Amino acid sequence: MTKKHFVLLFILLSGWALSAQKMPVSYDFGEKYNDRYRYSNLMTIDEDGSGGYILVRAYYQGLILKPKGYLIEHYNSDLELVSEFNYKVKGLDFIDGFFKNGQLNLLFLNYNYDRGEYEYWVHTSPIIAFNFRTVKLLSLSSEEVNNPVDKNYFNRNFSNGFTTSILFDEDKRGFVISTHHKKGKSEKHMIHLFDTALNKKFEFDFSDEIEEKNYAFENVTFSPDLQSIYLVGKAYFKKRRFQVDERKFQYELVKISQFGSQSQSFVDPGKYPEALYPILLNDRLVCVGFYADRKDNRYNGIAYFNLNPSTLDIKSQKYNPFSQQFMDDKFGREDDKDIKNLVFKNVEVTPKEEIFFNAEEYFVTSGLEVTGAGQRVRIERYHHNDIVSVKLDPSGAMVWARNINKTEVTQGDGAYASYSSYCKDGNTYFFICTAAENPQLINNERLIFKQGLSRNRNVFLISLDANGVMDYEKIIDQEEARLPLMVSKPLKDEKDNEMLFYAKRGNKKQLVKVDFN
């Protein structure tokens, strides 16, 4: 081989090596294990405090699939399955799970027919030798209703008699149980705060505040001492007459302690905030989200409010319209430029107090399908479409907003759809799992990730750098990832810069760990 050819080959190989390592990640596959529960849903995943991991799955059996219990899996730091425990409990509504002080805690809501009341229970056990005991947190007398914890992003039904919200903060230091009960003309709304050691910090009677408005809380954060709650949600007007072009609610921030409550509304003529999220930053409180110029869910930009955490007075606010770059990302040169149905997903704050937050275009459709037996059944389809990512500077000005085009629809377990994100060194990374080999290029300017038809799935990593410049790479090929990843339900380990994913199909399962180099 001539020197010239050798140099050319070296350059080509070097280029290939560089392109093969474009994204700063590596990954490990755990061993594949047989699993006797073909039909299940991952409910929670957490660290075990010793470098390993705890996973909880609800499993279903029978000719007509019904929940039968919970399988708890314990893995070590090498992704090896150490033990399994079958917790045979059924008839309870699972709310959430969390690991604290060596104890696995499973939070349930139960309707007690003998007592005629809703009961909130925590089932708790050490993970060394599983032996669950039950702790009743609180109970409330009520007739049984459909969907008491119904999660509806765009509306809320307060006429059934009983509705409840259970909200954890981002770090799972504590949780709020909000209960709204109506019987005849009598209404009662209570707020209960617990830490994740199951200590009740306080309860507050919020009933005086619901004479004119019903509150559907969506997001929460707590003061460092867990003595104050900051809740954001929709306040639905009850007695006001509305014009056709008015919407029947407004977003409010409510501060609650054992000594009282305060509220701040976000109302500006011609501006409609949506999906606001509270963030406590040292001596200030900010709320970030979206806003619309009209009363439906067609968003026009990013809303930012800077408040005094003691008085809730608004010190400054900004409405950042979506940039032309963002509109080109999403629509290309099309005339229809409506952004709607964005659901807030997560927020990251840098040491410089820059704010990164992400949302997803989410909606539900339904239709009739004919079964093999000739029956017509109504099927609901859950759509997880475009990703919206935004960076704000410490003053709330928008640095950039980008739209990542994708289309996904599922009728079953949403854990395989949607996405997860991770922030590191000013960059934001998005994991998506798709059967498509590559994104499609539309009009030579817009990338779109489509669901694809194959049973096997590729894992793509999409990056946005500090300036909002987008890049992507297929980091795990479907030939390697023979089991699809539950990409929207990872475990984030920010201390070690790792993401842990659960992969499962049928009677096979494994863990996949991704390391950020």
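The rules behind each value
Within each chain, residue numbers correspond to sequence positions counted from 1 in written order. Totals for whole chains, interfaces and linings use all residues, but because this is a predicted model, local features are given only for residues with pLDDT of at least 70 and pairs of side-chain atoms are given and counted only at 80 or more. Excluded from the side-chain calculations are hydrogens and water; all other atoms, namely the structure's heavy atoms, are used. Numbering of helices and strands runs from the N terminus; a helix is a DSSP stretch of H or I covering at least four residues, while a strand is a stretch of E covering at least two. Residue contacts are counted whenever heavy atoms from the two residues lie within 4.5 Å of one another. Method for areas: the Shrake-Rupley scheme with a 1.4 Å probe, in which residue coverage is limited to the protein chains shown. Exposure categories follow from relative accessible area, calculated using a 1.4 Å probe and restricted to protein chains: below 20% of the type maximum is buried, above 50% is exposed, and the middle band is partly exposed. Pairs of N or O atoms within 3.5 Å make up the polar contacts considered here, provided that, within protein, one atom can donate a hydrogen while the other can accept it, and that residues adjacent in sequence are counted only when both atoms are side-chain atoms. At least two bridges found by DSSP between two strands are what make those strands a pair. Axis definition: a line fit to C-alpha positions, over the contact stretch in the case of helices; interaxial angles, taken between N-to-C directions, run 0 to 180 degrees. To form a nonpolar core, buried Ala, Val, Leu, Ile, Met, Phe, Trp, Tyr and Cys residues must be joined to one another through side-chain atoms within 4.5 Å. Any carboxyl oxygen of Asp or Glu that lies within 4 Å of a side-chain nitrogen of Lys or Arg is treated as forming a salt bridge with it. One confidence number per residue, pLDDT, is output by the predictor and ranges from 0 to 100.

Asker: Could you clarify how one ought to interpret the overall build of the chain in this entry?
Answerer: Of the regular secondary structure elements, the chain holds 2 helices and 37 strands. Across the chain, the fraction of contacts at a sequence separation of at least 24, relative to all contacts at a separation of at least 6, is 50%. Summed over all atoms, the accessible surface of the chain reaches about 25,000 Å², with 47% contributed by carbon and sulfur.

Asker: Please explain helix H2 (residues 324-331) as it appears in this structure.
Answerer: It helps to recall that an α-helix has 3.6 residues per turn; residues three or four apart then point in one direction. Of all 8 residues making up H2, 6 are buried, and the element is well covered by its neighbours. Taken residue by residue, H2 has Phe326, Met327, Asp328, Asp329, Lys330 and Phe331 as its buried positions. The opening residue of H2, the one whose side-chain oxygen lies 3.2 Å from the backbone nitrogen of Phe326, is Ser323.

Asker: Help me out: how do you make sense of the environment of Glu31 in this one?
Answerer: Among the structural elements, Glu31 can be located in the loop between strand S1 (25-29) and strand S2 (33-34). For the pair Glu31 and Lys509, spaced 478 residues apart in the sequence, the C-alpha separation amounts to 8.4 Å. The residues touching Glu31, leaving out its near neighbours within four places in the chain, are Leu79, Lys509 and Gln510.

Asker: Sorry, what's going on with the sheet that holds strand S4 (residues 53-61) here?
Answerer: In a beta sheet, neighbouring strands pair by backbone hydrogen bonds and run either parallel or antiparallel. Pairing within the open sheet is antiparallel, and its 4 strands lie in the order S3-S4-S5-S6. Since the sheet does not close on itself, it has two edges, and those belong to strand S3 (40-47) and strand S6 (81-87), each with one partner. The mean inter-strand angle of the sheet, taken between neighbouring strand axes irrespective of direction, is 20°. Across 7 bridges, the pairing between S3 and S4 is antiparallel. Following the sheet pairing, Asn41 is matched in S4 by Ala58.

Asker: Help me understand the nonpolar core, please; the structure alone is not making it clear to me.
Answerer: The nonpolar side chains of soluble globular proteins are, as a tendency, buried together. Residues Phe290, Phe322, Ile355, Phe357 and Leu392 are the most contacted members of the largest nonpolar core, which totals 28 residues. Elements with a contribution of two residues or more to this core: strand S19 (272-281), strand S20 (284-292), strand S21 (298-307), H2, strand S24 (342-349), strand S25 (355-370), strand S26 (376-392) and strand S27 (398-407). The contacts of Leu392, once residues within four sequence positions are left out, are Val288, Ile302, Tyr304, Asn320, Glu354, Ile355, Phe357, Ala397, Met398 and Val399. Listed in part, the 20 residues of the second largest apolar core include Leu483, Leu485, Met499 and Ala503.

Asker: Looking at this structure, I do not really get unusual backbone geometry. What am I missing?
Answerer: Apart from glycine, the bulk of residues carry a negative phi angle, and the bulk of peptide bonds sit in the trans form. A positive phi angle, near 70°, is found at Leu198, a position not held by glycine. Considering the arrangement of structural elements, one finds Leu198 in the loop between strand S13 (186-195) and strand S14 (200-205). Residues other than glycine seldom take positive phi values, yet Ser418 does so here, at roughly 65°. Within the element layout of this structure, Ser418 appears in the loop between strand S28 (409-410) and strand S29 (420-424). What makes Ser418 buried here is its relative accessible area of 1%.

Asker: Looking at this structure, how should I read the side chain of Lys509?
Answerer: Relative to the elements of secondary structure, Lys509 occurs in strand S37 (residues 508-516). Within the structure, Lys509 has its side chain in polar contact with the side chain of Asp35 (distance 2.8 Å).

Asker: Explanation requested: the pattern of salt bridges in the structure shown.
Answerer: Pairing between side chains of opposite charge can happen when their charged atoms approach one another. The full count for this structure, using the stated rule, is 28 salt bridges. Put simply, Lys509 and Glu73 hold a salt bridge, and the shortest N to O gap is 3.6 Å. Taken together, the residues Lys509 in strand S37 and Glu73 in strand S5 (residues 66-75) connect sequence positions 436 residues apart. Taking relative accessible area as the criterion, Lys509 reaches 0% and is therefore assigned buried. We note a salt bridge from Lys513 to Glu498, for which the minimum N-O separation is 3.9 Å.

Asker: Even after reading the chapter, I still don't get the environment of Met486, so can you show me in this structure?
Answerer: Relative to the assigned elements, Met486 resides in the loop between strand S34 (470-476) and strand S35 (491-493). For Met486, a relative accessible area of 1% corresponds to the buried category. A C-alpha to C-alpha distance of 7.5 Å links Met486 and Ala417, two positions 69 residues apart in sequence. Residues contacting Met486, with those up to four places away along its chain left out, are Leu42, Asp413, Ala415, Tyr416, Phe501, Tyr502 and Lys504.

Asker: How should I be thinking about the confidence of the model for the chain in this particular structure?
Answerer: Parts of the prediction with low pLDDT should not have their coordinates interpreted in detail. When pLDDT is averaged along the chain, the result is 86; 89% of the residues meet or exceed 70. Scored below 50 in pLDDT, residues 1-19 shows 3 contacts in the model against residues more than four places distant or in partner chains.

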